[in-house]
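# Results of the structural survey
What follows is the residue order along each chain.
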Amino acid sequence: MTRVRWSWEVTVPERQRSVVAAMRAHIADHAEAPTVQEIAAAVGLSSPSSVLYQLRRLEEAGVLRRAGAGSEEYRLS
């Protein structure tokens, strides 16, 4: 019997996938998480609140998690 692995990439919208890709690229280049402004510039969003909305949706989907209680830093799960 073959088990199918759950893939978040199938269930989240393209915009959210691009946010995760931008985060991964920034971490690979700089060894630290990007700021909201850096994510916005990388994916073409005009306002920080748009990025925060996408980050919250990714957190709800289990793709991201906060670094700690009350933290503004997100980490890839």
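Note that the structure is a prediction, hence the values are computed from the model and not measured. (Residues numbered from 1 in each chain as written. Predicted model: local features only at pLDDT ≥ 70, side-chain atom pairs only at ≥ 80, totals over all residues. Heavy atoms only, no water.)

As a further point, take the pattern of salt bridges. According to the stated counting rule, one finds three salt bridges in the structure shown. Among the salt bridges present, the one from Glu60 reaches Arg57, with a minimum N-O distance of 2.7 Å. Within this pair, Glu60 and its partner Arg57 are both found in helix α4 (residues 48–60), separated by three residues, close to a single helical turn. By relative accessible area, Glu60 is classed as exposed at 61%. Given a relative accessible area of 23%, Arg57 falls into the partly exposed group. Salt-bridge contacts for Glu59 lead to Arg66; the nearest nitrogen and oxygen are separated by 3.5 Å. By relative accessible area, Glu59 is classed as partly exposed at 29%. Classification of Arg66 by relative accessible area gives partly exposed; the value is 33%. (Salt bridge = Lys/Arg side-chain N within 4 Å of Asp/Glu carboxyl O. Helix = DSSP H or I, 4+ residues; strand = E, 2+ residues; numbered from the N terminus. Buried < 20%, exposed > 50% of the residue type's maximum accessible area, 1.4 Å probe, protein only.)

With that settled, consider the side chain of His26. In this structure, His26 sits in helix α2 (residues 14–30). Using a relative accessible area of 12% as the deciding quantity, one classes His26 as buried. Other than its neighbours up to four places away in sequence, His26 contacts Ala31, Glu32, Ala33, Pro34 and Glu38. (Contact = heavy atoms within 4.5 Å.)

We now examine the nonpolar core. Counting 15 residues, the largest nonpolar core has Val19, Met23, Ile39, Leu55 and Leu58 as the members making the most contacts within it. With four residues, the single largest contributor to this core is α2. Apart from residues no more than four positions distant in its own chain, Ile39 is found in contact with Val19, Met23, Pro34, Val51 and Leu55. (Core = buried A, V, L, I, M, F, W, Y, C linked by side-chain atoms within 4.5 Å.)

It is at 9 Å that the axes of helix α3 (residues 36–43) and α4 come closest, and there the two elements cross at 95°. It follows from the interaxial angle that α3 and α4 lie roughly perpendicular. Packed against α3, whose contacting residues are Val36, Gln37, Ile39 and Ala40, the element α4 presents Pro48, Val51, Leu52 and Leu55 at the interface. A class-by-class count of the residues in the contact of α3 with α4 yields seven nonpolar, one polar and no charged. (Axes fitted to C-alpha atoms, helices over the stretch in contact; angles between N-to-C directions. Parallel < 35°, antiparallel > 145°, perpendicular 65-115°, else oblique. Nonpolar A, V, L, I, M, F, W, Y, C, P; charged D, E, K, R; others polar.)

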